[in-house]
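One letter stands for each residue in the lines below.
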Amino acid sequence: MTDSKYFTTTKKGEIFELKAELNSDKKEKKKEAVKKVIASMTVGKDVSALFPDVVNCMQTDNLELKKLVYLYLMNYAKSQPDMAIMAVNTFVKDCEDPNPLIRALAVRTMGCIRVDKITEYLCEPLRKCLKDEDPYVRKTAAVCVAKLHDINAQLVEDQGFLDTLKDLISDSNPMVVANAVAALSEIAESHPNSNLLDLNPQSINKLLTALNECTEWGQIFILDCLANYTPRDDRESQSICERVTPRLSHANSAVVLSAVKVLMKFMEMLPKDLDYYGTLLKKLAPPLVTLLSAEPELQYVALRNINLIVQKRPEILKHEMKVFFVKYNDPIYVKLEKLDIMIRLASQANIAQVLAELKEYATEVDVDFVRKAVRAIGRCAIKVEQSAERCVSTLLDLIQTKVNYVVQEAIVVIKDIFRKYPNKYESVIATLCENLDSLDEPEARAAMIWIVGEYAERIDNADELLESFLEGFHDESTQVQLQLLTAIVKLFLKKPTETQELVQQVLSLATQDSDNPDLRDRGYIYWRLLSTDPVAAKEVVLAEKPLISEETDLIEPTLLEELICHIGTLASVYHKPPSAFVEGSRGVMHKRLPARTGSGEGTECPDVGNAAGGSAPEAAPSIIPSQGDLLGDLLNLDLAPPTTTGPTPSTSGMQMGGMDLLGGGLESLVGTLGGDIGGSPAMGAGFGAAPAVMPASLNAPVGGGLGDLFDLGGGVGMPMGAYIPPKTVWLPAMKAKGLEISGTFARRAGVIQMELVLTNKAMSVMTDFAIQFNRNSFGLAPAGPLQVLTPLGPNQTIEVSLPLSTVGPVMKMDPLNNLQVAVKNNIDVFYFSCQYPISMLFVEDGKMERQVFLATWKDIPNDNESQFQIQDCHLNSEAASNKLQGSNIFTIAKRTVEGQDMLYMSIKLSNGIWVLAELKVQAGNPNYTVIELPASEIAAQINASEFKQQTDLNINCSEETVN
């Protein structure tokens, strides 16, 4: 007789009967009673009143009865914590039972009873079980540590269970190793900052040895752990790949996907010219193809993972197109996923095959699938240029079928083809216009209207066609209304005399009769453009459009890298990072693929910390990359409030000082000083140091030329404060959803300050401000968070001073002093760029020693000289010198020649670069002459306007401050 009889009872008052049976002396009757209790508990009845009676049944040698009692305990211990303590003694006793199954059962149940009062009593039994002679008990105890850590993390750490767990990774039994890895991984995920899995080549070797012998789920745990390891070099990476590759032939699809994940990650470190790299690519294809012979649900999971793999490495499956052809009995979700992968694998070599398939799919009965198939033909045309003509021909054939939804999808994709290949396939427009009346879907109608408006000059009756849409303007969807408004304005700009009435009609409908704000705003913009400046209107509305990209649906590269690291998990099915669907921050770790290494690539090995026992590699010299796109670089920035920057490391200063970061111009100077371009501390070894290496001619006698200038004292007075430019609007409110940002830069007490004025011109409160800079020429970066301590209400203004450091990442900008900024608040992220005065970078220790100045000046060739005039500056040489010193432009010496004062000056920038200058001032002449050495891009920045600001304008600034 089966156990179903326990679930059929409907008797009343059975609790009392069960109580009596549970206290019976007969073992068989007691077991039957416990089964009835478990059955009642399973169907949702409250049998917690029987807790003491069931606990009394624990004292038995019968393993089946003990399992049932433990099951009851796990369910009710939380609601009866005081009663649950009664079971502690039995647990302790069972943990020393001769039968390893009972010992394991006791320790497993202990981990499942989530009662704080009990946990401290369970530590000693657990410690014994972790060192038990039987591997079954040890592997069970390993998992129990993870469960106990979830209940009371501090207790587990204090009792040293984590160290014991790490020791189990070296266990002789592979299943114990697998469970220890699983437990440590679980704990590490909930505490991302802890370095529990301190992987090194020795521990990796042990894991790979255990991999061959443990169960399939144990293999998955070990493979997932391996995927978190970063090999030291390509040789170690290849060795791991060779030992993981046999897992690709495993019968369990989860093991296969975990192995693929490890290989995909470690392949990043293999040089592409390596023979093994090609072999590995070939080995990856068969297991992925085999996954597609499983049941539909597994196929779907496999296809979602393959979709990611194909985006990262299409060469793996480039010869396997046929396996992705759709079968008649595939579920729709499998069909659509296969279709997507087919397009990703489409190339010039297989496009004929793909198009034949897609054309066949377009005649299927499943409407959704047919739509996707037609759209796929358009995507193939955009991706493979050589196939565009054949794709257009196929689409025209489909339009001739007159199947309504096929025609409409075809028109939508032909619009995209027109945008990709302008002035190439417009001959098909006549065929499209024939099907105008059959269009009833908003997207198709909008696409057709776009085509008519864009090519109005080629369509004789374009005005009639658009007017036919205008008749039911208010019944159309917003998408169609917006497209119709734009198309008629385009038509008017191309044929103004014939369509004046039509454009007035549509503008009236959009602005006066519509309650849609988007439509109304666009209508007003067009109206004002047309009425004030028709030429500007033409430039705006008929501007040349950018070509659409080949793949608009590719996953963004950094997200793709993270998803590749999560192959075989839910993230790879959702195509979203875990942080997007896992609640809270716990358990969510952002993963990235390692940097490629190897002799063929010529890059440094990644820093894998001291896990391998080696020291971290020395920092390579800074290299200025080419200037990136504003949005492209800033969108990758972490816009959390930056942490306060600590003191500048001396090595950083040495690297920045030792190189000409601005691309040429200081070679002679650095060469003269014995420097070595490329990272040695030849000059500016620290921000507070004089040039580190003296010129060879320093001790030689100085004679002639500038020799006598050092006999004169430079009448340098007290500095009067650096010039601060007036604030300008950097980000207008209309571009930042009501947030206006204006500002300027200042240097105070040796610290660069970004003076910001934030004004809220929106109707909502703004909070959570943060700021980040893109890489820039001088490594400017926020030295602390943006301190907006109170919410910024509507029409409120706040002034903020943001201290800046010069130890951020460096990238040469154009112009050199350009700064790209991202500001985030609770509404959005906003981007703008501004230019800082180079004088903000002039440091306080920029006064060069006289003899060094002389020797350096003499050794610089005349070809490196640049000269410019400062107009209308009514200061004598002494006043000019005082003013300039306030901005850290130091007068080294002064001499007078033929009534002309000649000031010799030095400037040192925050990155250790020096600029030498000669300022000629003639009494009664308001024009100065400045000669700069060396002539470089930085010298070009410190030009007439910069000197003018530091002298003439500085007077005004000082007077304002005094008043």
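Residues numbered from 1 in each chain as written. Predicted model: local features only at pLDDT ≥ 70, side-chain atom pairs only at ≥ 80, totals over all residues. Heavy atoms only, no water.

The subject of this paragraph is the overall build of the protein. Looking only at helices and strands, the protein features 41 helices and 13 strands. Of all 963 residues assigned to the protein, the portion counted as buried reaches 51%. Long-range pairs, those at least 24 residues apart, make up 69% of the contacts in the protein with a sequence separation of at least 6. Summing over all exposed atoms, the protein offers an accessible surface of approximately 44,400 Å²; the carbon and sulfur share of this is 50%. (Helix = DSSP H or I, 4+ residues; strand = E, 2+ residues; numbered from the N terminus. Buried < 20%, exposed > 50% of the residue type's maximum accessible area, 1.4 Å probe, protein only. Contact = heavy atoms within 4.5 Å. Areas by Shrake-Rupley, 256 points an atom, 1.4 Å probe, with all protein chains shown as cover.)

All right, on to helix 23 (residues 388-400) then. With 13 residues, helix 23 should reach 18 Å at 1.5 Å per residue; the first-to-last C-alpha distance of 19 Å fits that figure. Along helix 23, the positions that sit buried rather than exposed are Ala-388, Cys-391, Val-392, Thr-394, Leu-395, Leu-396, Leu-398 and Ile-399. Where helix 23 is buried, its residues meet helix 21 (351-361), helix 22 (367-383), helix 24 (404-420) and helix 25 (429-434). (Expected span 1.5 Å × (residues − 1).)

Formed by 209 residues in total, the largest nonpolar core has its most connected members in Tyr-72 and Phe-418. Phe-418 has contacts with Tyr-425, Glu-426, Val-428, Ile-429, Leu-432, Trp-450, Ile-451 and Tyr-455, leaving out every residue within four places of it along the chain. In this structure, Ala-762, Ile-838, Met-840 and Leu-884 belong to the second largest nonpolar core, which totals 51 residues. (Core = buried A, V, L, I, M, F, W, Y, C linked by side-chain atoms within 4.5 Å.)

Sheet architecture is open: three strands sit in the order 4-7-8, paired in antiparallel fashion. Pairing within the sheet leaves two strands with one partner each, and these edge strands are strand 4 (770-773) and strand 8 (829-835). Between one strand and the next, the sheet's axes are offset by a mean angle of 25 degrees, whatever the strand orientation. Strand direction decides the pairing type here: strand 4 and strand 7 (residues 818-824), joined by four bridges, are antiparallel. (Pairing = 2+ DSSP bridges. Axes fitted to C-alpha atoms, helices over the stretch in contact; angles between N-to-C directions.)

Our next topic: the pattern of salt bridges. Note that side chains of opposite charge can pair when their charged atoms are close. Under the definition given, this model contains 27 salt bridges. Measuring nitrogen to oxygen at the nearest pair gives 3.2 Å for the salt bridge that ties Arg-304 to Glu-337. Separated by 33 residues along the polypeptide, Arg-304 in helix 19 (residues 296-312) and Glu-337 in helix 20 (residues 332-345) bring together distant segments of the chain. As far as burial versus exposure is concerned, Arg-304 and Glu-337 are alike and both buried. What emerges from the salt-bridge pattern is a single network uniting Arg-371, Arg-375, Glu-409, Glu-441 and Glu-443. (Salt bridge = Lys/Arg side-chain N within 4 Å of Asp/Glu carboxyl O.)

Bringing the side chain of Lys-490 into the picture now. Here Lys-490 shows up in helix 28 (residues 478-494). Assessed through its relative accessible area of 4%, Lys-490 is described here as buried. Sequence-distant contacts of Lys-490, defined by excluding residues within four places in its chain, comprise Trp-450, Gly-453, Glu-454, Val-541, Leu-542 and Lys-545.

Turning our attention to the packing of helix 22 against helix 23. The description of two helices packed together rests on the angle between their axes and the distance between the axes. At a minimum axis distance of 8 Å, the contact between helix 22 and helix 23 shows a crossing angle of 160 degrees. On the basis of the axis angle, helix 22 is roughly antiparallel to helix 23. Helix 23 is crossed by helix 22, and the crossing has left-handed handedness. In contact with Val-374, Ile-377, Cys-380 and Ala-381 of helix 22, helix 23 contributes Ala-388, Cys-391, Thr-394, Leu-395 and Leu-398. (Parallel < 35°, antiparallel > 145°, perpendicular 65-115°, else oblique. Left-handed = near helix turned anticlockwise from the far one by under 90°.)

In this section: the pairing of strand 2 (residues 739-748). By the criterion of burial, strand 2 is predominantly enclosed, with nine of the 10 residues buried. Summarising the sheet, strand 2 and strand 3 (residues 751-760) pair through 10 bridges and their orientation is antiparallel. For Ala-746, the partnering residue across the bridge sits in strand 3 and is Gln-753. With antiparallel pairing between neighbouring strands as the criterion, strand 2 and strand 3 make up a hairpin whose turn holds two residues, including Ala-749 at a positive phi of roughly 50 degrees.

Before going further, it helps to examine a nonpolar patch on the surface. Together, Leu-570, Tyr-574, Phe-581 and Val-582 make up a nonpolar patch on the protein surface, roughly 340 Å² of accessible area in all. Within the secondary structure layout, Tyr-574 lies in helix 33 (residues 570-574). On the accessibility criterion, Tyr-574 (42% relative accessible area) is partly exposed. (Patch = residues over 30% accessible without salt bridge, like charges linked within 9 Å, V, L, I, M, F, W, Y side chains within 5 Å.)

This part covers the sheet that holds strand 1 (residues 728-731). The strand order 1-2-3-6-5 describes an open sheet built from five strands, whose pairing is antiparallel. Edge positions in the sheet fall to strand 1 and strand 5 (781-782), since each of these pairs with one other strand and no more.

As a packed pair, helix 10 (residues 135-151) and helix 12 (residues 161-168) sit with axes 11 Å apart at the nearest point and diverge in direction by 140 degrees. Here helix 10 runs over helix 12; the crossing is left-handed. On the side of helix 10, the interface is formed by Arg-138, Ala-142, Val-145, Leu-148 and His-149, while helix 12 contributes Phe-161, Leu-162, Leu-165 and Leu-168. In terms of residue class, the contact of helix 10 with helix 12 is made up of seven nonpolar, one polar and one charged. (Nonpolar A, V, L, I, M, F, W, Y, C, P; charged D, E, K, R; others polar.)

Before going further, it helps to examine helix 9 (residues 123-130). Along an α-helix, a turn takes 3.6 residues, which lines up residues three or four apart on a common side. Buried within helix 9 we find Cys-123, Pro-125, Leu-126, Cys-129 and Leu-130. Taken end-on, helix 9 shows its buried residues confined to a sector of 165 degrees, consistent with a single buried face. Against the buried residues of helix 9 lie helix 6 (88-94), helix 7 (100-112), helix 8 (116-119), helix 10, helix 11 (153-158) and helix 12. (Arc of directions from axis to C-beta.)

Moving on, we come to the environment of Phe-369. When you line up the elements, Phe-369 lands in helix 22. Judged by its relative accessible area of 0%, Phe-369 falls in the buried class. For the pair Phe-369 and Tyr-333, spaced 36 residues apart in sequence, the C-alpha to C-alpha distance is 9.5 Å.

Before going further, it helps to examine the confidence of the model for the protein. Interpreting fine coordinate detail is not advised for predicted regions of low pLDDT. Averaged over the protein, the pLDDT score is 77; the fraction of residues at 70 or greater is 80%. Low pLDDT, under 50, characterises residues 598-720; the predicted model gives this stretch 236 contacts beyond four residues in sequence or across chains. (pLDDT = per-residue confidence, 0-100.)

A contiguous patch of negative charge on the surface is contributed by Glu-464, Glu-467, Glu-471 and Glu-501. The topology assignment puts Glu-501 in helix 29 (residues 500-511). (Lys, Arg positive; Asp, Glu negative; His and termini not counted. Charge placed at Lys NZ, Arg CZ, Asp CG, Glu CD.)

Right, let's talk about unusual backbone geometry for a bit. Of the consecutive residues Asp-814 and Pro-815, the connecting peptide bond is found in the cis state with omega at 0 degrees. By secondary structure assignment, the location of Pro-815 is in the loop between strand 6 (797-805) and strand 7. A positive phi angle is found at Lys-402, which is not glycine, with a value near 65 degrees. Even without being a glycine, Asn-888 presents a positive backbone phi close to 65 degrees. Along the polypeptide, Asn-888 turns up in the loop between helix 39 (877-886) and strand 10 (890-897).

It is worth spelling out the packing of aromatic side chains at this point. Following the criterion strictly, the structure yields 12 aromatic pairs and no others. A ring pair is formed by Trp-450 and Tyr-455, whose centres lie 6.3 Å apart and whose planes are at 85 degrees; its orientation type is edge-to-face. There is no split in this pair, since Trp-450 and Tyr-455 are both buried. Each ring, one from Phe-853 and one from Tyr-904, has its centre 6.5 Å from the other, and the planes form 75 degrees; the classification is edge-to-face. With Phe-853 in helix 38 (residues 850-859) and Tyr-904 in strand 11 (residues 900-908), this residue pair connects regions lying 51 residues apart in the sequence. (Phe/Tyr/Trp six-rings, centres within 6.5 Å; stacked < 30°, edge-to-face > 60°.)

Let us now look at the environment of Asp-828. By the secondary structure assignment, Asp-828 is in the loop between strand 7 and strand 8. The class of Asp-828 is partly exposed, set by a relative accessible area of 30%. In the structure, Asp-828 is positioned 92 residues away from Ala-736 in sequence and 8.3 Å away in space, judged by C-alpha atoms. A polar contact of 2.8 Å, which involves the side chain of Asp-828, links it to the side chain of Lys-737. (Polar contact = N/O pair within 3.5 Å; in protein donor to acceptor, adjacent residues only side chain to side chain.)

Moving on to the environment of Leu-303. Here Leu-303 is to be found in helix 19. C-alpha of Leu-303 to C-alpha of Leu-292: the two residues are 11 residues apart in sequence and 7.7 Å apart in space.

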